[in-house]
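# Survey of secondary and tertiary structure
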Amino acid sequence: MKPRLPSWWARVRSRLRPPRTLKVTRIGRTYLVVTFGVGLGALNTGNNLLYLLLGLLLSMVVVSGVLSERCLRYLSVRRVGADAAFAQEPFAFRWAISRGQGHAFALTLSEADSPLTGAGGVGYLPTGVDHVVRADLTAPQRGPVRLTGVRVTTTWPLGLFAKTRTFPLESTLLIYPRRTYACQDPGAPEQGPVGDAGNPRRNDGNGDLSGLRELAPGEDARRIHWMKSASAGKLLRVEREHEERRTFVLTVANGLDAEALERRCEEVAALARRLIEEGHEVGLDTPEERIRPAAGTAQERRLLRALAWLGHERPRGDEEAA
Amino acid sequence: MRKGTRLRLVLRDLGSGFAFASMAVSGQLPIWSLVLYGVALVIALAGRRPFANRVKLTALLLLAVALTLGTNVLAGSLNLVVAACAFAGLISAQRLLSTPDAATDGQVHLSGLLMVAGGAALSGELIYGLFLILFGVLASIALALGVVESAVPEGEPVPVRAVMGPLAMGVGFAVVGAVAFFVLFPRLNWNMIGPSASPGLGVATAGFSNTVRLGGAGTIKGNPRIVLRATLTPDPEKEALDAYWVGRTYDVFDGMEWSNARATSDGSEFMTTLRPGQKNLVHQHVELMPAYGARTLVALETPSRLGNAVANTQMGSRRTQIHELGGGEVRFRDSGISYSYEAYSLPPGASGDDVQDLPPEEQDALLSLPEGLDIRVGQTAARVLNGERDPLAAARKLSAWLQREYSYTLELSGDVPDPVADFLFQRKQGHCEHFATALTLMLRTQGMRARLATGFFGGERVTGGYVVRAGDAHAWTHVLVPGRGFITVDATPPAHRASQSPRLLEQLINFYEVVESQWRDVVLDYNFRDQLTVVRSLTRSHEIPKKNEPPSRAPPPRAFGAALLAAAAAYTAWRLLTQFLSRERPLEATRFADAVEAQLASARITRVDGETLEALDARLARERHPLSPALTPVARRYLEARFGGRPLQQGEATRLLTDLRRAVLTESQRVASEGTRPPQARAS
């Protein structure tokens, strides 16, 4: 059995070997090549000035490591999140970062081990300030994205090396379906008492009178303005500021393959957005759940969330970062 | 341009400028490269980037310049290192004038780094160290500002002031680290190319020619540049040496200029003896600086032996021979930028020469007078001497008279037909050559042998040695005293014998010389022996043991400290090495997959677009391909190594690949045998 190390030794070791990843930048690679060349020249010629220069170059490498490490210490990071994240388009995402002591420079924040691309930066982080870093991230596809941690990277001070520290922060970000243009027909509106607008009389629209026009075949005779029709000698119907609010229930069929399901989700999301903007009530019928028709942005958010989860296993609690 | 960016670019450009200057102080770069870079730097500092839209054109121009430099190198007219440094400067200039983006910034800094390295190879000047530090500081600030600027969101200012404090601390630590590395890193030298020497800034001024011509204009007396550096043994330990450093003598005067009756050269040798050695010789280790500009060896009066000369050239330092000419002049056989040699001189006093020792033509020349010499010269000498016949006493009497009756000036009357008569009877003022010539000729008119000597007078103590300036150039008289030889008599007023340069300038030069001497001792000449001294000083105790107390045999505490540091360094190196050897190699599985694919390709099994290794394995299994049984364990192991967190063990990849290769070979032989088997049936 492996003997257990004393705790102070473990602390010393963790301090000496913090969990960091180091990557040489492009200019850093060239710098190292030049340093190697200067070293060869110094060894070859015995020129003390080359030894001096070599010492300076190597010292800058060490100083880079020390200063970048100082930048990454005493940091605390939390996610502020995003308002709404749609697939394949940049969305604003925010983290809050602060530092307990000392200053930090040139920090770049990104999500670790996730398909989200993009990063936010902060040039100077003074002590004790809760700085909100904004980034335009992009998600490749719809669905929940499991976020495991926030990666903080710095190239301070000379940009030769990129040192990264990952802060473990478990969370889930829900990516809504990609926003496209809805050119499909939403289908026939629901008839009868469905949704919030169960009273068919409300199909008359609401608001002030905005105009009159001739009644088209098939239109509801209850919207005829009889007095104006009598004076005009033809049937005229009333048009109001808010035209009739119809109720649609959009469906996502069962048994679609992955690609077709994605396409359908995008169509439904676009249709729902268009219909809700027009003032209609929209519901959703999927193999996994059914959402009653309703209007407004809250309903749109409900529909998008349902579409985002479609095909994915939901967690027990509704954990979302967004 | 956002706040801070402009400052960063200026610092970047200035850093590049100092890097170029570190090469330029060597004085070896072609003038046109200095001009081109200077113009580019000025334009860049003005904020103009005219090459922003002409990248290809300027790159072509650079290529043409590179070809020209290469041709010059091949033709032998340009040193390879110098050509490379000049080209690095031009690359930097081209980058300075291009669009300032991240890539361009990096290229400017890296070309600056190359230029600084080139400067180290070309120059050993003290000012190089200054430029190196300036480049390091400015480039570091510019790089740091660039790093911060790239992280600051668009539209927000760059926090310039906040950057400076931590960065200054970092640069300070880097300088300390560089010094520690410099002091402690073992001097391992392959010696494939020797160190080079730099001609320094400015034109060399203290030349020795074959003649001394009276008249003309004299400015050399005001030049404070150091031409000679000497260490004497035994050390006189005087602040002002006030000694005569003789280069050569002249014995024939034609009325206008001095020359020698004998100008032949003997054979070359590494050590030449001018006079037989005696006891109590003064040993001198002499360095002739680049400002000296001549090949004549100089030694304290009166030189006995000269030799062990080393000439420093741009291609390195090498031992050189010397040869003796007329007038006691000894010259280096090879030309160089600077020289060092050893000389032995007689103790102050007489030279011990006898007139009979001199060649016949020189014996006659010591009494020769120019044709048409003004008769008043002899009459004046006779009047002053008033019957004095002892050569030394007569010379001192005439010398004292000249110093009393004539004044010193550097403002000359230009070329006149008889400069001696002009000096003695018209202007009654002149410089050291006039005084020495007058004294020499006046002695000769009275039948006393004398000659003119040239060299330097002076010697200021600097860090244990003595330096001589170009302004110390001087001329004086050697009078031949029977039985004692040549004795120096100087007719020039004492106050005007040494350098006449401004005192403040001399003090500044002295300060520079002290710093440069330290620079040479501590930096340029630092070697393995010095390192051992440093280590000994760290490990050995300097305490003097008390009387009646046996010396302690235990090492001092600092030895324990050094041992602890060494142990910590060794432990860290061991840990780093073990970590490096036991590191995870995430790409190993990928390389393994590439090797598998290469083997499959040799069996003419290729993957279709987008087909993974496991999909290929599944396809081969469906098709009942003969290689499928061999491929399946390979594919499974690849998946485990790539995604399952079970990296390939040492030698496992080789073993799997060997099995697969064997299967591929077997399959190839089977296919080949089927191809050569005769057909069993024929179509009718």
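Here the structure is a predicted model, which is why all the values come from computation and not from measurement. All residue numbers refer to position in the chain's written sequence, counted from 1. Chain letters and ligand numbers both follow the written order, the letters beginning at A and the numbers at 1. The model is predicted, so local features are restricted to residues of pLDDT at least 70 and side-chain atom pairs to those at 80 or more, both for listing and for counting; the totals for chains, interfaces and linings are taken over all residues. Calculated side-chain values reflect all of the structure's heavy atoms, with hydrogen atoms and water omitted.

### A closer look at the pattern of salt bridges
Here is the rule we go by: A carboxyl oxygen of Asp or Glu within 4 Å of a side-chain nitrogen of Lys or Arg is what we treat as a salt bridge. Exposure is judged per residue with a 1.4 Å probe applied to protein chains only, and the accessible area is read against the type maximum: over 50% gives exposed, under 20% gives buried, and values in between give partly exposed.
All told, the structure shown has 34 salt bridges over all chains when counted by the stated rule. One salt bridge connects A:Arg274 with A:Glu278, and the closest N-O pair in it is separated by 3.7 Å. Between B:Arg619 and B:Glu611 there is a salt bridge, and its shortest N-O distance comes to 2.8 Å. This pair shows no difference in class: B:Arg619 is buried, exactly as B:Glu611 is.

### Re the nonpolar core
Put simply, the test is: As used in this record, nonpolar core signifies buried Ala, Val, Leu, Ile, Met, Phe, Trp, Tyr and Cys residues forming a set joined through side-chain atoms within 4.5 Å. Segments assigned H or I by DSSP are reported as helices when at least four residues long, segments assigned E as strands when at least two residues long, and all are numbered from the N terminus.
Of all hydrophobic cores here, the largest spans 105 residues; its most connected members are A:Phe91, A:Trp95, A:Leu107, A:Leu109, A:Leu116, A:Trp156 and A:Ile175. In terms of residue count, the dominant contributor to this core is helix α6 (residues 126–151) of chain B (14 residues). Counting residues in each nonpolar core, the second largest holds 39 residues, with B:Ala421, B:Phe423, B:Ala438 and B:Val489 among its members.

### Considering the sheet that holds strand β7 (residues 143–154) of chain A
The test is simple: If DSSP finds at least two bridges between two strands, the strands pair. Lines fitted to C-alpha atoms define the axes, with helix axes restricted to the stretch in contact, and inter-axis angles between N-to-C directions lie between 0 and 180 degrees. In what follows, a contact means two residues having at least one pair of non-hydrogen atoms within 4.5 Å.
Across the sheet, which stays open at both edges, the five strands sit in the order β1-β8-β7-β4-β5 (chain A) with antiparallel pairing between neighbours. Of all the strands in the sheet, the pair left with one neighbour each is β1 (21–24) and β5 (120–125) of chain A. Looking at each pair of strands side by side, their axes are set apart by 35 degrees on average, direction ignored. Two elements, strand β4 (residues 104–112) of chain A and β5(A), share five bridges in a ladder whose sense is antiparallel. If you follow A:Ala104 over to β5(A), its bridge partner there is A:Leu125. Against the sheet, α6(B) contacts β4 and β5 of chain A, and its axis sits at roughly 40 degrees relative to β4(A).

### Observations regarding the packing of helix α5 (residues 102–122) of chain B against α6(B)
All names here are of chain B. The cut-off we apply is this: An angle below 35 degrees is read as roughly parallel, one above 145 as roughly antiparallel, one from 65 to 115 as roughly perpendicular, and any other as oblique. Note on convention: the crossing is left-handed when the near helix lies turned anticlockwise from the far helix by less than a right angle, right-handed when the turn is clockwise. Ten residues, namely Ala, Val, Leu, Ile, Met, Phe, Trp, Tyr, Cys and Pro, are considered nonpolar, four, namely Asp, Glu, Lys and Arg, are considered charged, and the remaining ones, Gly among them, are considered polar.
Their axes nearest at 11 Å, the elements α5 and α6 cross at an angle of 165 degrees. Taken as axis vectors, α5 and α6 run roughly antiparallel relative to one another. When the axes of α5 and α6 are compared, the crossing they make is left-handed. Side by side, α5 and α6 meet where His 109, Gly 112, Leu 113, Val 116, Gly 119 and Ala 120 of the first sit next to Tyr 128, Leu 132, Phe 135, Ala 139, Ala 142 and Leu 143 of the second. A per-class count over the contact of α5 with α6 returns nine nonpolar, three polar and no charged.

### Remarks on the packing of aromatic side chains
The following threshold applies: In this analysis, rings of Phe, Tyr and Trp, with Trp reduced to its six-membered ring, are considered paired at centre separations within 6.5 Å, and the interplanar angle assigns stacked below 30 degrees, edge-to-face beyond 60, and tilted for intermediate values. Here, a charge over a ring means that NZ of Lys or CZ of Arg falls within 6 Å of the ring centre while also lying within 35 degrees of the ring normal.
Applying the stated criterion across every chain, the model contains 20 aromatic pairs over all chains. Aromatic side chains A:Phe105 and A:Trp156 sit 4.4 Å apart centroid to centroid with 25 degrees between the ring planes, which places their arrangement in the stacked category. Residue A:Phe105 is located in strand β4, and its partner A:Trp156 is located in the loop between β7 and β8 (161–175); the two are separated by 51 residues in the primary sequence. Note on A:Phe105: relative accessible area 2%, which makes it buried. Aromatic pair B:Tyr292 and B:Phe456: ring centres 6.3 Å apart, planes at 45 degrees, arrangement tilted. Here the residue B:Tyr292 occupies a position in the loop between β7 (282–288) and β8 (299–300), and B:Phe456 occupies one in strand β16 (residues 450–462), the gap between them amounting to 164 residues. No difference in accessibility class separates B:Tyr292 from B:Phe456, as the two residues are buried. Positioned over the ring face of A:Phe86 is A:Arg179, at 3.8 Å from the centre of the ring. The lysine or arginine in question, B:Arg376, covers the ring of B:Phe425, its NZ or CZ lying 4.3 Å from the ring centre.

### Description of the interface of chain A and chain B
The following threshold applies: Once two parts are put together, the accessible area they lose, assessed with a 1.4 Å probe and summed over both, is termed the buried area. Polar contacts here mean pairs of N or O atoms no more than 3.5 Å apart (in protein, one a potential hydrogen donor and the other a potential acceptor; neighbouring residues in sequence count only if both atoms are side-chain atoms).
Listed as interface residues are 42 residues of chain A and, on the opposing side, 51 residues of chain B. Between chain A and chain B, roughly 3800 Å² of surface is buried when both sides are summed, and carbon and sulfur atoms account for 76% of that area. At the junction of chain A with chain B, the criterion picks out four residue pairs in polar contact (both at pLDDT 80 or more). Contributions of two or more residues to the side of chain A that touches chain B are made by α1 (7–16), α2 (26–45), α3 (48–72), β4 and β5 of chain A. No other element matches α3(A), which puts 16 residues into the side of chain A that touches chain B. Considered class by class, the residues forming the side of chain A that touches chain B number 27 nonpolar, twelve polar and three charged.

### Here we look at the sheet that holds strand β6 (residues 131–137) of chain A
Residues and elements named next belong to chain A. Spatially, β2-β3-β6 is the arrangement adopted by the three strands of the open sheet, whose pairing is antiparallel. The sheet terminates laterally at β2 (75–81) and β6, the two strands that pair on one side only. Neighbour-to-neighbour, the strand axes of this sheet turn through a mean angle of 25 degrees, independent of strand direction. Note that β2 and strand β3 (residues 91–99) share six bridges and pair antiparallel. Each bridged residue has a counterpart across the sheet, and for Gly 81 the counterpart in β3 is Arg 94.

### What to know about the confidence of the model for chain B
To keep things clear, this is the line we draw: For every residue, the predictor states its confidence as a pLDDT score lying anywhere from 0 to 100.
On average, chain B scores 82 in pLDDT, and the residues at 70 or more come to 88%. In this model residues 678–684 of chain B is a low-confidence stretch, pLDDT under 50, and it forms zero contacts with partners more than four residues away in sequence or in other chains.

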